[in-house]
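# Fold and geometry: a report
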Amino acid sequence: MPPPADIVKVAIEWPGAFPKLMEIDQVSFFFSLSLSYSYIFIFLRWSLMNHEYYALQHADSSNFYITEKAQNAQQLHERIQSSSMDAKLEALKDLASYSRDVTFAQEFINLDGISLLTQMVESGTDFGDMLSFTLTAFVELMDHGIVSWDTFSVAFIKKIASYVNKFAADISILQRSLAILESMVLNSHELYQKVAQEITIGQLIPHLQGTDQEIQTYTIAVINALFLKAPDDKRQEMANILAQKQLRAIILTHVIRAQRAINNEMAHQLYVLQVLTFNLLEDRMMTKMDPQDQAQRDIIFELRRIAFDAESEPNNSSGSIEKRKSMYTRDYKKLGFINHVNPAMDFTQTPPGMLALDNMLYFAKHHQDAYIRIVLENSSREDKHECPFGRSSIELTKMLCEILKVGELPSETCNDFHPMFFTHDRSFEEFFCICIQLLNKTWKEMRATSEDFNKVMQVVKEQIMRALTTKPSSLDQFKSKLQNLSYTEILKIRQSERMNQEDFQSRPILELKEKIQPEILELIKQQRLNRLVEGTCFRKLNSRRRQDKFWYCRLSPNHKVLHYGDLEESPQGEVPHDSLQDKLPVADIKAVVTGKDCPHMKEKGALKQNKEVLELAFSILYDSNGQLNFIAPDKHEYCIWTDGLNALLGKDMMSDLTRNDLDTLLSMEIKLRLLDLENIQIPDAPPPIPKEPSNYDFVYDCN
């Protein structure tokens, strides 16, 4: 006879004694009574007094406590001050492990444990493993968000910075020190100023030249943090340093490694660096041109001079002011400005503001032959067929800013960086130069007129986006990709995609689709559930900073239980069920909510404001107001999990991924079933039933 559902068997071990297997009534001891009464029951089995000074601890790798109060915090607080080096080292090792548990952390912090650790670091007497465990414990305790970062002294900051400035420092000490500096910079403006006085990009560069990928990742994270918090003038200075050829070569090496190793954290930091670098363009993008500013007007004069240098300027004696104005107006029209009389007015719209003019001047000076060819080529065409260089440059600059999201803060979950932007010190300008030549080429291929301007811009955007999705490793490779995406090729791609969407729209085919659809949906459902059985590693995020904390969740093979638990690092493969310490029966799940309806999106203001994080958030709500909160690593995993959970609850799978999979699989299945009908026209309606014959004499009687 099976035991009652409320009775659980728990193996409990006391140091130096035989383990005991106890039967505990969950209702009586863990719900009706407080946890402390459960301890009384358990500890009396070993005749232990003062039960409030003890705690239960998971025997798995997590070492988490099941406790209301943990005497271990008091004991460790005393042990780490031991005069015995061996005892102190062992205590710090335990502290580094236990500090991941929030209950223990709260108790230890209440004992002024953070101050004790900072004093130990400031004293400079610890080194090697002892210092490594001290810094590890400090990072783990601070990650709980219980203590403010503003409370630390300059002496502590200087000491942490000194570990980073030592190139031969211990790897684990260096890693923890970089993590501490990143958090300090991101969480306190005052600490940013203090850290910036101690650490420069020049001092961080040697760490990028090493072989340890984690150190390189943390180093770029610190650079990003300094970049993000720096004032505008300092930010531009940092960008100039990062644009140096030697440093770009180092970063590009890590770009290639991140792609090959699928290092998500490195990819994310490179993406952040890319976004922050492009955000330096925001000031120019949002600056209007002042038509009265002579320095700005001189840039337009320079564009005219480079394009029409062969045509001599009229000298003061041979031409009147009116004649000169007339000639300028003619030339500005050839340059493709909307306002021929005062082209400065074309740059008063933001975005792209003065950034467009900067791009035009860069193109004219650094790609002079191409610039002159485009301007003269278009000025020799009929008015309606000319591709207006000025107007095109302004609209193209605006489009490129939208594609690269210039001015937007980096997402906390995105890893979408483009290697080619790390290959040139003026990558955005070079990107523009390639695209303006593409625009002119596409204009000719489309035989466009001025009325087709918006159509041409749409085609050019599609060409650029399709080329970027291939992640070219250099600007030359990007240019080569665009060569293969001519207007004719874009038309073929569009036609192929349209045929896939519009094929088989006759009534018989639609009826066949309707008949097949339940089978396909069941297939998709099984695939989603199988993926949940494999499980996914999720990253823990909070409003303070991106953390290197992971947890794993997977569905049991019988689809009845969700297993989940914390991990030390991102796993290379599947995580076994028995290593995940927590369980949630599927039968207890009440609902699955997404986006702004998630509890963790309502609680954390910074994440709530991040649209991309909001789109990846979902939560499981279960009995007794319980909740399990997720932030998916990407949109694909978000769709997999929300679909799978809805399937478990007997609800429809409504994600974009399901719709795409359904369309693709339906199309493939129908094509397979209709192979024998190739080149046969399928009528929209069934053929009419003929009239009955006048007699049935033609029927042969087999008898």
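- Looking up the chain in an unreviewed UniProt entry gives the name ELMO domain-containing protein, with the organism given as Terrapene triunguis.

### Some details on the overall build of the chain
- If you tally the helices and strands in the chain, you get 31 helices and eleven strands.
- A total of 703 residues make up the chain; the buried ones form 45% of that total.
- For the chain, contacts bridging at least 24 residues in sequence account for 65% of all contacts bridging at least 6.
- In the form shown here, the chain has an accessible surface area of approximately 37100 Å², with 51% of it arising from carbon and sulfur atoms.

### Quick look at the pattern of salt bridges
- A full pass over the atoms with the stated rule returns 23 salt bridges.
- Taking the shortest distance from any N to any O, the salt bridge between Asp661 and Arg528 comes out at 3.0 Å. Of the two residues, Asp661 is situated in helix H31 (residues 656–673) and Arg528 in helix H26 (residues 507–534); the sequence distance between them amounts to 133 residues.
- The salt bridge partner of Arg531 is Glu637, with a shortest N-O separation of 2.4 Å. Placement of Arg531 in helix H26 and of Glu637 in helix H30 (residues 635–648) is noted, with a sequence separation of 106 residues between them. Here Arg531 matches Glu637 in class, with each residue buried.
- One network of salt bridges, in which partners are shared, links Arg304, Arg330 and Asp331.

### Let's talk about the packing of helix H6 (residues 113–123) against helix H8 (residues 154–165)
- The N-to-C vectors of H6 and H8 enclose an angle of 60°; their axes lie 9 Å apart at closest approach. In terms of axis orientation, H6 runs oblique to H8. Between H6 and H8 lies a crossing whose hand is left-handed. Together, Thr118, Val121 and Glu122 of H6 and Ala155, Phe156, Lys159, Ile160 and Tyr163 of H8 make up the contact between the two elements.

### What to know about the nonpolar core
- Residues Ile80, Leu95, Leu117, Phe138, Ile180, Met184 and Leu226 are the most contacted members of the largest nonpolar core, which totals 76 residues.
- Excluding residues that lie within four positions of it along the chain, Leu117 makes contacts with Ile80, Leu95, Phe108, Thr134, Ala137, Phe138 and Leu141.
- Listed in part, the 67 residues of the second largest apolar core include Met285, Ala307, Ala344 and Phe453.

### With respect to the environment of Pro683
- For Pro683, the position within the fold is in the segment after H31.
- Note: C-alpha distance between Pro683 and Pro508 (175 residues apart in sequence) is 8.0 Å.
- If sequence neighbours within four positions are ignored, Pro683 has contacts with Ser506 and Pro508.

### Examining the packing of helix H21 (residues 389–404) against helix H22 (residues 427–445)
- Look at H21 against H22: their axes get within 10 Å of each other, and the N-to-C directions meet at 125°. What the angle tells us is that H21 and H22 run oblique. Here H21 runs over H22; the crossing is right-handed. Facing H21, whose interface residues are Phe389, Ser392, Ser393, Leu396, Thr397, Leu400, Cys401 and Leu404, H22 presents Phe428, Phe431, Phe432, Cys435, Ile436 and Leu439.
- Taken together, the residues of the contact of H21 with H22 break down into eleven nonpolar, three polar and no charged.

### With respect to a negative patch on the surface
- Taken together, the side chains of Asp232, Asp233, Glu282 and Asp283 define an acidic patch exposed on the protein surface.
- In this structure, Glu282 sits in helix H16 (residues 282–285).
- The exposure class assigned to Glu282 is partly exposed, which follows from its relative accessible area of 33%.

### Observations concerning the pairing of strand S10 (residues 617–622)
- Pairing analysis gives five bridges linking strand S9 (residues 589–594) to S10, with the strands arranged antiparallel. Each bridged residue has a counterpart across the sheet, and for Val592 the counterpart in S10 is Ile620.
- Linking S10 back to strand S11 (residues 626–631) in an antiparallel pair, the connection comprises three residues, with Ser624 at a positive phi of about 60°.

### Considering the packing of aromatic side chains
- Under the definition given, this model contains 28 aromatic pairs.
- With a centroid separation of 6.1 Å and an interplanar angle of 65°, the aromatic rings of Phe278 and Phe428 are classed as edge-to-face. Here Phe278, found in helix H15 (residues 264–278), pairs with Phe428, found in helix H22; they are 150 residues apart in sequence, far enough to count as distant.
- Residue class for Phe428 comes out buried when judged on its relative accessible area of 2%.
- Within the aromatic cluster, the residues linked to one another by ring pairs are Phe538, Trp551, Tyr564, Phe618, Phe630, Tyr638 and Trp641.
- In this arrangement the basic side chain of Arg391 is found over the ring face of Phe453, its NZ or CZ atom lying 3.8 Å from the centre.

What counts as what
Residues numbered from 1 in each chain as written. Predicted model: local features only at pLDDT ≥ 70, side-chain atom pairs only at ≥ 80, totals over all residues. Heavy atoms only, no water. Helix = DSSP H or I, 4+ residues; strand = E, 2+ residues; numbered from the N terminus. Buried < 20%, exposed > 50% of the residue type's maximum accessible area, 1.4 Å probe, protein only. Contact = heavy atoms within 4.5 Å. Areas by Shrake-Rupley, 256 points an atom, 1.4 Å probe, with all protein chains shown as cover. Salt bridge = Lys/Arg side-chain N within 4 Å of Asp/Glu carboxyl O. Axes fitted to C-alpha atoms, helices over the stretch in contact; angles between N-to-C directions. Parallel < 35°, antiparallel > 145°, perpendicular 65-115°, else oblique. Left-handed = near helix turned anticlockwise from the far one by under 90°. Core = buried A, V, L, I, M, F, W, Y, C linked by side-chain atoms within 4.5 Å. Nonpolar A, V, L, I, M, F, W, Y, C, P; charged D, E, K, R; others polar. Patch = residues over 30% accessible without salt bridge, like charges linked within 9 Å, V, L, I, M, F, W, Y side chains within 5 Å. Lys, Arg positive; Asp, Glu negative; His and termini not counted. Charge placed at Lys NZ, Arg CZ, Asp CG, Glu CD. Pairing = 2+ DSSP bridges. Phe/Tyr/Trp six-rings, centres within 6.5 Å; stacked < 30°, edge-to-face > 60°. Lys NZ or Arg CZ within 6 Å of the ring centre and 35° of its normal.

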